[in-house]
Amino acid sequence: QVQLVESGGGLVQAGGSLRLSCAASGTIFSTMGWYRQAPGKQRELVATITTVGSPNYADSVKGRFTISRDNAKNTMYLEMNSLKPEDTAVYYCKMTSIFRAEYWGQGTQVTVSS
């Protein structure tokens, strides 16, 4: 079965950093990405990364977040720097298989204090 396990969320002060990880198994993955959802807001795309490592970022996180992947480990990362209170949200790992199926992680809470 396909399984995505997230880790790395937590509480951090504004200006600090966090590193999220998403370890996947159970299929052959292609594009990977991170999404987030704040209370009262719709889920939004944060960043995506292709199989060969080409990233794309939402404008709100460009220059601050870095998405990466380790294909040997089937793991995706999100390095979040210069965090702002508005980054507070539940962050979700999403992966697409080469068979075009989509899978979501359970979500991990990121809270940035002022």
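What comes next concerns the included structure. Worth saying up front: this structure is predicted, and the values here are computed from it rather than measured.

1. Regarding the overall build of the chain
Piece 1. A count of helices and strands for the chain gives 0 helices and 11 strands.
Piece 2. What you see in the chain, going N to C, is helices and strands ordered as β-β-β-β-β-β-β-β-β-β-β.
Piece 3. A compact globule built from 114 residues would reach a C-alpha radius of gyration of about 13 Å, and the chain, at 13 Å, matches this within 12%.
Piece 4. The contacts of the chain with a sequence gap of at least 6 include a subset with a gap of at least 24, amounting to 53%.

2. Quick word on the sheet that holds strand β7 (residues 65-70)
Piece 1. Reading across the sheet, the 4 strands line up as β1-β3-β8-β7 and stay open at both edges, with antiparallel pairing between neighbours. The open sheet has two edge strands, β1 (3-7) and β7, and neither has a second partner. Neighbour to neighbour, the strand axes of the sheet diverge by 15° on average, direction disregarded.
Piece 2. Pairing of strand β3 (residues 18-25) with strand β8 (residues 75-80), which is carried by 6 bridges, proceeds in the antiparallel orientation. By the bridge assignment for β8, Arg19 is matched with Glu79.

3. Regarding the state of the cysteines
Piece 1. This structure, assessed with the given rule, holds 1 disulfide.
Piece 2. Each sulfur of the disulfide joining Cys22 and Cys93 lies 2.0 Å from the other. Its S-S torsion of about -80° marks the bond between Cys22 and Cys93 as left-handed, since a negative value means left-handed. Residue Cys22 is located in strand β3, and its partner Cys93 is located in strand β9 (residues 89-97); the two are separated by 71 residues in the primary sequence. Per residue, the accessibility class of Cys22 equals that of Cys93, and both read buried.

The rules we used
Residues numbered from 1 in each chain as written. Predicted model: local features only at pLDDT ≥ 70, side-chain atom pairs only at ≥ 80, totals over all residues. Heavy atoms only, no water. Helix = DSSP H or I, 4+ residues; strand = E, 2+ residues; numbered from the N terminus. Rg over C-alpha atoms; globule rule 2.2 N^0.38 Å. Contact = heavy atoms within 4.5 Å. Pairing = 2+ DSSP bridges. Axes fitted to C-alpha atoms, helices over the stretch in contact; angles between N-to-C directions. Disulfide = S-S within 2.5 Å. Buried < 20%, exposed > 50% of the residue type's maximum accessible area, 1.4 Å probe, protein only.

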